[in-house]
Amino acid sequence: MLEAVHLIKRYSSVPAVQDLAFTLRPGQVLGCLGPNGSGKSTTVKMLTGLLEPTHGAVLFNGRNIRDDLPAYRKLLGYVPEEALLYPYLTGWEYLELVGSLRSMPRRAMGQRIDSLLELFSLHAHRHASIGSYSKGMRQRILLIAALMDNPEIFIFDEPLSGLDVTSALIFKHLVHALGAEGKLVFYCSHVLEVVEKVCSDVLILRKGAVIAQDSVANIPQIIGESLEDSFLRLVEDVDTVRAAQDIVAVMNAA
Amino acid sequence: MSVDLSRGIGRRWRAYRECPFARLVRLFTARIFRGSGDNDAEGLDLSIGLVLTLLALPGGFVSVILFPKYGTLLQWMRGVVNADVIATALPDEYFFIVLSMAVTGAIAVWRWDSIFPDRRDYLNLVPLPISSRTILLANFVGVMFLAVLVAVDVNAASSILLPLAVGSTQDTFVFFARFAAVHALSVVLASIFAFFAVFSVLGIFMAILPRPAFMRISPFLRTLIVVSLVTLLSTSFAVPLMLKQFSGVPRFGVSWLPPVWFLGMGMSLLGKADPHLTALGRIALPALGSAIVFAACVYSVGYRKHFVRIPELTNAVVSSDGPRWLWLRRLNELVMRDPPQRGCSRFVWKTLFRSEPHRLLLAGVGGLGLVLASQALFGAFAGGTIKSGHLSAEILSVPLILFFFVIGGLRLAFEIPVDLRANWIFRLLLDWKRHDCQAMARKLILISVAPGLLLIALPAYCWLGGWWAGILHTLVVGVWSILLTDAVLIRFRKMPFTCSLPLFQQHSIVILLLCAMGFFFFAVLMPEFEAWALPEPLRLIGLIPVAAIAWYIPHRIRQNALEIERALIFEEVPTRGFEVLSIAE
């Protein structure tokens, strides 16, 4: 069980996350929604141990993750928001690097990399440098890197960006399957439909604070509308239809 | 009326600045400086001002050092009176020409990838209503602007300071002005020649080879050019002497050196060139014109061949672990037992072989080592010591010089970051407290030294000086390489290439001085001692206390380091003068 206990993060006294608390249980797929600047990335960085909270703690099975970060990270598969990879390494070399850093047994690592590359349709490109990969290919490399050591916890930050339709569909089913396997999945996204389809629970952030947290099925019941409308009502004070009309008006202006 | 005129000119200039062509020129000039990648992708934040300042430093620094040489008091103390000051300045003039060519040529190599419009430019500019001819011309104007700017910047300080130093012995301002003008002209034209010569060499390969073949050989070609530039720089010690020794006689080899042409041009303008130097000086301007025209030709061919066809091409460069590198992989796996260490070391090897800045840095440092080692070797040949079977200090110094530069070059390369934003994987997966980067770096350096020592130096010295001398020399070089490696890795606690690098640290000058002293001890004193000791090997025992001290100091520093001082870092934060305690928070 992964718990965020009263997490607070301030950057030079500017609050980025304020008193964030939630629990992620085995088999649960928790979606995290929020507009830009709502504290999603800061939350993810605290959950992965990349950032130390100003106050509060992240607990895994009751222990503060910072007590033994390497052991915690061995159980963690993380897909960051941006596909930042070393462009001069080939796809295979990058995955081999990740496998070595995770201390995976050499033979099993090679076999697993090959199988996953095949399943993600990257096997033919495994010896091409990452610099020549498209955005979607890089994203698939990141997904393989997160999956290859069969971790217990998954943190996905916008994992679908750049993926083609087939890969995105496979990934959505994969998230379901991971949940069914009893893994803990934290899923950050802007795409409401995806969160609605793949997540069992949802957490909505605004200005660094949780403004709603419940199962995906319950949130519209509480507010009485679809998740999209609920989200817009909760976090955005923007009339989207009106904004679109204003844009067209500006374009047509003399 | 003059106000109206200046307003009119101002208006026209502003209008011109905003026209598409001028905007494109500005875009390309900025892009060539900043690179075509994302900001900070290279890990080094080099602004245009900083780059220009760094480029101007060597010329200014060397000029200041030369002031005492031309001081009248010092000359009088040396017994030099009524000396021909221009003849005295010839070696310095040659040095500045070579320096300006080497620095400008290196800039052309370094920025080569950004000189040509790439896929990003294609995708951004071609859909706009601009003809591809305009893009071509704007880029070429940008390149010309860069060449002139770099040439002027590199030589600005020396163009004022060297004439000041040389002219300090003369009474007339005319002498200063004339010398300054000729010096500035020679070095700036030499710089521009070097820039376009490098441009032409790379451009011709780009024009004649298919893109995949060019992309494959480009790194090797650039490495070769860097080594050639370093070699050219090293000719500054020998060529002026040759010019003096063989005055009036046709100089085989020297005539082919472009810096001599520009020196000849300068000396002719000052009226101090002998007929042969005057003849060589006449080559300078046609050579410069040819270089620019040739560069323009290969540029337009390369442009047609590569830029226009970008949509049809792919940037994919397929590589694989072929049998070529299998031995390195095996050696690496043999030495690195721990899986994360093994993974990290493979990453380090691949970065060294594939990352352009690291490869160019190693080529530069290695090239300097090669030049100095070959000078020592030629010295040994000239002295006839090779034939006699006696191992002279010069011949013994060859592996020590090379290993000094290999070890120092690798240590320096470890500091240069590569795409810092991608280091998240190391931040995430390495154990900051327990991962021993120092041990890994030590093994990596020694792996790169060991094959050369055992497979080349040992047989060569056994052949030259006999079994006993060969084995002893190999042992001494091996032990000192290990000690040097330990010394350069004192307080090293980074995963190579993943930590930010402040460009100038408070102790940078101290490090430079230590490097110079280390070289003197490692590659000059040590071979001298060995040459004296090898005929009676018991004398080598004298090295043991020195080696013990050299081993003890880094060992002690490591033992005394606190746990926090050993922890892995990913950001090199400069020491601050004061700390804010933030007690109020």
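Just so it is clear, the model here is predicted, and its values are computed rather than measured. (Residues numbered from 1 in each chain as written. Chains lettered and ligands numbered in written order. Predicted model: local features only at pLDDT ≥ 70, side-chain atom pairs only at ≥ 80, totals over all residues.)

All names here are of chain A. If you trace the backbone, Gly-182 turns up in the loop between helix H6 (165-180) and strand S8 (184-188). When the 11 C-beta atoms within 10 Å are taken as the criterion, Gly-182 is described as exposed. Between the C-alpha atoms of Gly-182 and Asp-157, which are 25 residues apart in sequence, the distance is 20 Å. Contact partners of Gly-182, with chain neighbours within four places excluded, come to Pro-26 and Gly-27. (Helix = DSSP H or I, 4+ residues; strand = E, 2+ residues; numbered from the N terminus. Buried ≥ 20, exposed ≤ 12 C-beta atoms within 10 Å, placed from the backbone. Contact = placed C-beta atoms within 7 Å.)

Here the focus is the domain arrangement of chain B. Residues and elements named next belong to chain B. Split by domain assignment, chain B resolves into domain 1 (2-312) and domain 2 (331-566). Contacts between the two partners involve 15 residues from domain 1 and, on the opposite side, 15 residues from domain 2. Those elements that provide at least two residues to the side of domain 1 that touches domain 2 are helix H5 (85-110) and helix H10 (211-245). Here the element with the most residues in the side of domain 1 that touches domain 2 is H10; it accounts for eight residues. Among the residues making up the side of domain 1 that touches domain 2, the classes are represented as eight nonpolar, four polar and three charged. (Domains from an automatic or database assignment. Nonpolar A, V, L, I, M, F, W, Y, C, P; charged D, E, K, R; others polar.)

Moving on to the sheet that holds strand S10 (residues 209-215) of chain A. All names here are of chain A. Here six strands make up an open sheet; going across it, the order is S6-S7-S8-S3-S9-S10 and the pairing mixed. Looking at strand neighbours, the two that pair on one side only are strand S6 (76-79) and S10, the edges of this open sheet. Across the sheet, the mean angle separating the axes of adjacent strands is 15° when strand polarity is ignored. Both strand S3 (residues 29-33) and strand S9 (residues 201-206) contribute to a ladder of four bridges, which runs parallel. Each residue of the ladder has a partner; that of Gly-31, found in S9, is Val-202. Strands in contact with helix H5 (residues 135-147) are S6 and strand S7 (153-157); relative to S6, the strand with the most contacts, it is inclined by about 170°. On the sheet, H6 packs against S3, S7 and S8 and is oriented at approximately 145° with respect to S8. (Pairing = 2+ DSSP bridges. Axes fitted to C-alpha atoms, helices over the stretch in contact; angles between N-to-C directions.)

Let us now look at the pairing of S8(A). Residues and elements named next belong to chain A. In terms of burial, S8 is largely enclosed, as five of its five residues are buried. Of the two faces of S8, the one lined by Leu-184, Phe-186 and Cys-188 and the one lined by Val-185 and Tyr-187 are each fully buried. Of the pairings in the sheet, the one linking S3 to S8 comprises four bridges and is parallel in character. Across the sheet, the residue bridging to Leu-30 is Phe-186, located in S8. As paired elements, S7 and S8 share five bridges and run parallel to each other. Paired with Phe-156 across the bridge in S8 is Tyr-187. After leaving S7, the chain enters H6 and then returns to the sheet as S8, a path that is right-handed. (Right-handed = clockwise from strand over helix to strand, strands pointing away.)

A separate point is the interface of chain B and chain A. On the chain A side, the residues contacting the 27 residues of chain B number 25 residues. Those elements that provide at least two residues to the side of chain B that touches chain A are helix H14 (339-354) and helix H18 (424-429) of chain B. Counting residues per element, the side of chain B that touches chain A draws most heavily on H14(B), at eight residues. Residues that form the side of chain B that touches chain A fall into these classes: twelve nonpolar, six polar and nine charged.

This part covers unusual backbone geometry. Residues and elements named next belong to chain A. Of note in the backbone geometry, Asn-61 takes a positive phi value of approximately 50° without being a glycine. Position of Asn-61 relative to the elements: it lies in the loop between strand S4 (55-60) and strand S5 (63-64). Even without glycine at this site, Ser-103 takes up a positive phi of about 55°. Within the secondary structure, Ser-103 is located in the loop between helix H3 (91-101) and helix H4 (106-119). Looking at Ser-103, the number of C-beta atoms within 10 Å reads 16, which means it is partly exposed.

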